[in-house]
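Topology and contacts: notes
Each chain, letter by letter, is given below.
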Amino acid sequence: MTSAGLYGAYGGRYVPETLVPALDELDSGWRAARADASFQAELDELGRTFAGRPTPLTRAERYASDKRLYLKREDLLHTGAHKLNNALGQAVLARRLSKRRIVAETGAGQHGVATATVCARFGLECVVYMGEEDMRRQRPNVERMNLLGAEVRPVEFGKRTLKEATSEAIRDWITNVETTHYLIGSCVGPSPYPEIVRELQAVIGRESRAQFLQAEGRLPEVVVACVGGGSNAIGIFAGFIDDAGVRLLGVEAADAASLGSGNAAVLHGARSSVLSDADGQITDAHSISAGLDYPGVGPEHAWLRDSGRADYVGATDAEALAAFRDLTRLEGIIPALEPAHALARVRELDEELVLVCLSGRGDKDLAEVLAQ
Amino acid sequence: MKTLIVYLMSGSETPELAAAAVEGGADLVELGFPFSDPLADGPVIRRAAERALGEGMRTVACLECLARTHELVPNVPLVPMTYSALLEAYGWERFATDAHDAGASSMILADLPAGERPELKRIQLVAPTSTDERLRIAAEQTDGWLYLVTVTGTTGTRTGLSPALAGLVTRARAITDAPLYAGFGISTPDDARAAAGLADGIVVGSRAVEVAEGGPDALREYVCTLREAVDSVVTN
Ligand SMILES: Cc1ncc(COP(=O)(O)O)c(C=O)c1O
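All values reported here derive from a predicted model rather than from experimental measurement.

For the rest of this paragraph, the subject is a nonpolar patch on the surface. All names here are of chain A. Together, Ile 334, Leu 366 and Leu 370 make up an exposed nonpolar region whose accessible area comes to about 290 Å². Following the sequence through the fold, Leu 366 ends up in helix α14 (residues 366-370). Relative accessible area serves as the criterion here: at 36%, Leu 366 is assigned to the partly exposed category.

Our focus in this paragraph is the sheet that holds strand β6 (residues 125-131) of chain A. Residue and element names in this part refer to chain A. Within the open sheet, the 4 strands sit side by side as β7-β6-β5-β8. Their pairing is parallel. Only two strands of the sheet have a single partner each, and these edge strands are β7 (151-155) and β8 (180-182). Across the sheet, the axes of successive neighbouring strands diverge by a mean angle of 25 degrees, strand direction being ignored.

Further remarks concern the pattern of salt bridges. Residues and elements named next belong to chain A. Evaluated as defined, the whole model comprises 56 salt bridges over all chains. Glu 199 serves as the salt-bridge partner of Arg 34, at 3.4 Å between the closest nitrogen and oxygen. With a gap of 165 residues between them, Arg 34 in helix α1 (residues 20-34) and Glu 199 in helix α8 (residues 193-216) connect regions that are remote in the sequence. For Arg 34, a relative accessible area of 45% puts it in the partly exposed group. Here Arg 137 makes a salt bridge to Asp 134, at a shortest N to O gap of 3.0 Å. Of the two residues, Arg 137 and Asp 134 are both situated in helix α5 (residues 132-137); the distance of 3 residues between them amounts to about one turn of the helix. For the pair Arg 137 and Asp 134, a shared accessibility class is recorded, and that class is buried. Here the salt bridges share partners, and the residues they tie into one network are Glu 133, Asp 134, Arg 136, Arg 137, Lys 159 and Asp 293.

This part is about the domain arrangement of chain A. All names here are of chain A. Once the domains are mapped, chain A shows domain 1 (16-45 + 83-193) and domain 2 (52-81 + 202-370). On a C-alpha basis, the centroid separation for the pair domain 1 and domain 2 is 22 Å. Each partner contributes residues to the interface: domain 1 has 29 residues there, and domain 2 has 37 residues. Each partner contributes to the roughly 2,500 Å² buried at the junction of domain 1 and domain 2, and carbon and sulfur atoms together form 55% of this total. The interface formed by domain 1 and domain 2 holds 2 salt bridges in total. Notably, a salt bridge pairs Lys 159 with Asp 293, separated by 3.0 Å at the nearest N-O pair. Inspection of the domain 1/domain 2 interface yields 17 residue pairs in polar contact (both at pLDDT 80 or more). Looking at the side of domain 1 that touches domain 2, the elements that each hand over two or more residues are α3 (83-96), α4 (110-122), α5, α6 (139-147) and α7 (162-176). Sort the elements by how many residues they give to the side of domain 1 that touches domain 2 and α7 lands first, with 5 residues. Its residues placed into classes, the side of domain 1 that touches domain 2 shows 10 nonpolar, 12 polar and 7 charged.

Residue and element names in this part refer to chain A. Strand order in the open sheet formed by 6 strands is β3-β4-β14-β9-β10-β13, with mixed pairing between adjacent strands. Edge positions in the open sheet fall to β3 (57-59) and β13 (310-315), since each of these has one partner strand only. Between one strand axis and the next, the sheet turns through 25 degrees on average, direction left out of account. For strand β4 (residues 68-73) and strand β14 (residues 353-358), the ladder comprises 6 bridges, and the chain directions are parallel. By the bridge assignment for β14, Leu 69 is matched with Val 354.

Once that is clear, we can look at helix α13 (residues 337-344) of chain A. Across the 8 residues that make up α13(A), a large majority, 8, are buried. Three or more residues of α13(A) are buried, namely Leu337(A), Glu338(A), Pro339(A), Ala340(A), His341(A), Ala342(A), Leu343(A) and Ala344(A).

The description of an aromatic ring pair rests on the distance of the ring centres and on the angle between the ring planes. According to the stated counting rule, one finds 12 aromatic pairs over all chains in the structure shown. An aromatic cluster of at least three residues, connected via ring pairs, comprises Trp145(B), Tyr147(B), Tyr181(B) and Phe184(B).

We now examine the site of the ligand. Residue and element names in this part refer to chain A. Lining the immediate surroundings of the ligand are 19 residues, of which Ser 186, Gly 228, Gly 230, Ser 231 and Ser 359 lie closest. Contact distances for the ligand include 3.0 Å between an oxygen atom and a side-chain N or O atom of His 82. Here an oxygen atom of the ligand and a backbone polar atom of Gly 228 are 2.7 Å apart. Coverage of the ligand by the protein amounts to 98% of the 390 Å² it exposes when considered alone.

All names here are of chain A. Most of β6 is tucked away, with 6 of its 7 residues classed as buried. Where strand β5 (residues 101-106) lies against β6, 6 bridges are found, and the strand directions are parallel. Directly across from Ile 102, in β6, lies its bridge partner Cys 126. Read as a crossover between parallel neighbours, the route from β5 over α4 to β6 is right-handed. Here 5 bridges tie β6 to β7, and the two strands are oriented parallel to one another. Following the sheet pairing, Gly 131 is matched in β7 by Val 155.

To continue, consider the packing of α3(A) against α4(A). A pair of packed helices can be characterised by two numbers: the angle between their axes and the separation between those axes. Residue and element names in this part refer to chain A. Direction vectors running N to C along α3 and α4 enclose 40 degrees, while the axes themselves pass 9 Å from each other. Taken together, α3 and α4 sit at an angle that is classed as oblique. The chirality of how α3 crosses α4 is right-handed. Here Lys 83, Leu 84, Asn 86, Ala 87, Leu 88, Ala 91, Val 92 and Arg 95 of α3 come into contact with α4, specifically with Gln 110, His 111, Ala 114, Thr 115, Thr 117, Val 118 and Phe 122. Class assignment for the residues of the contact of α3 with α4 results in 8 nonpolar, 5 polar and 2 charged.

Procedures and definitions
Residues numbered from 1 in each chain as written. Chains lettered and ligands numbered in written order. Predicted model: local features only at pLDDT ≥ 70, side-chain atom pairs only at ≥ 80, totals over all residues. Heavy atoms only, no water. Patch = residues over 30% accessible without salt bridge, like charges linked within 9 Å, V, L, I, M, F, W, Y side chains within 5 Å. Areas by Shrake-Rupley, 256 points an atom, 1.4 Å probe, with all protein chains shown as cover. Salt bridge = Lys/Arg side-chain N within 4 Å of Asp/Glu carboxyl O. Helix = DSSP H or I, 4+ residues; strand = E, 2+ residues; numbered from the N terminus. Buried < 20%, exposed > 50% of the residue type's maximum accessible area, 1.4 Å probe, protein only. Pairing = 2+ DSSP bridges. Axes fitted to C-alpha atoms, helices over the stretch in contact; angles between N-to-C directions. Domains from an automatic or database assignment. Contact = heavy atoms within 4.5 Å. Buried area = accessible area lost by both parts, 1.4 Å probe. Polar contact = N/O pair within 3.5 Å; in protein donor to acceptor, adjacent residues only side chain to side chain. Nonpolar A, V, L, I, M, F, W, Y, C, P; charged D, E, K, R; others polar. Phe/Tyr/Trp six-rings, centres within 6.5 Å; stacked < 30°, edge-to-face > 60°. Near = heavy atom within 4 Å. Right-handed = clockwise from strand over helix to strand, strands pointing away. Parallel < 35°, antiparallel > 145°, perpendicular 65-115°, else oblique. Left-handed = near helix turned anticlockwise from the far one by under 90°.

Structure (structure tokens):
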């Protein structure tokens, strides 16, 4: 990445002037934290004693019996998804910046729960924006956020999902920027957010690379992850990006395929590959999985796609549901619907040695799956 | 004389509305080109944008609306106000050229802060959170006048003038001789008078968009009250 927050022609800062000083402050606060060994030490300690790191690597023998398939178990992380890695890191950063109020957006509710959790842990005020449709389909997570003391604000316009929730969280931040840190949930948004989220999620890639080497004595041939905004994918990819022989494969929801069918466009503060029309207006995404139901994606993924370093494919709602059921029955692991998209593409891969990021657990999705 | 600026969302009736605003005393008209995800806008302009898009007000239709408005009020500066996404799709230079050809005197991009794409001539916005260094960059790069965002926040009506404006005017005045026009959150004649007492001019957006729903006569009358308020400020 360049100093201007660019990944090739993607990224940047397309934000109202009001936010620019806060982004500059965040950028220098982040660089100071990274240079400070006590910051990393605090994150490591929290990861070990609060979040449950390292998460295990599980061999899944029955799901794809002709492969050597391993699952990186972010579903076993505290709060049930990889989102906590980012929320913890940004909360520590927010404290260093003396911000006592946190706003966040959430789709599946996993990022909202992770944010509400770290705010409870550190005594920070927490407001989470969530689309009404997502509040309906991810009810258990709304209840968890409420219990944790967060205020969940319903977003009632547009498609009432993650895109609108993100816009409202950013508007809140514009209005309260002096006191508030915006704890964005994926590797999207204006610079430096994509870099911060990638670095905080890179622990997934670091751990799983070492674990895979230990288990197999060699690296995987392919690393597979679902892509909504792209944070669990960029986190696990980060561990293998310099290993030219390891293929990186992102799986999007078929009707929310920002990388598969998007155009270069500007959304939520960055230029990336976005579902958008010829006039630059953002078009609707659709997915059974609230966490993938987003028309944008992190700018680094657009760049990895263009450079050919990573490949991106789609999985339909039906394929994800089938993978959800199969993993449950064959491995005794109930995955979230988001990583079920990654699992849906595993069996047909040419490669034999496969690592999948199991980004979260499926408790939140039971009502939605059982209703199908 | 203080400058009075009225913001209207592009639409089929906008040229006539703009003409009414000018009859009521507007010196300049901003024309919103709607974007589906307008981060800098509060509910009134967001909803107006949704309606406009629903009626087919895409970039080409907005440029036509601009051209028709220019025919009706040829001597009044017209300034499209929009978002980067539209220019990214249309072509940045092509947009600047076509907007100019349709009668635009400049443009405003709500999400392209000073320092980014300096080659694109536009009116720069500054906010209460802007550092003096950023005020300086914006003043150097701006096209004619500087847009002072009165509040830390989005567009939308508020009660009373933002207390942050006075400090922002003082800081900006120390840096530049460019005219300083204040906008965001100004809706009543009282707000207009108070803001015009501090800045060289004012911009009224959300409230004008709401009043414009009542048609040209209602808008003309409303803009008249703003004009009187602004003119009641003694200039020296
Ligand atoms: C379990 C899980 N996986 C993946 C995602 C998608 O986000 P990202 O692409 O940023 O990892 C979400 C989002 O809510 C999620 O909850």
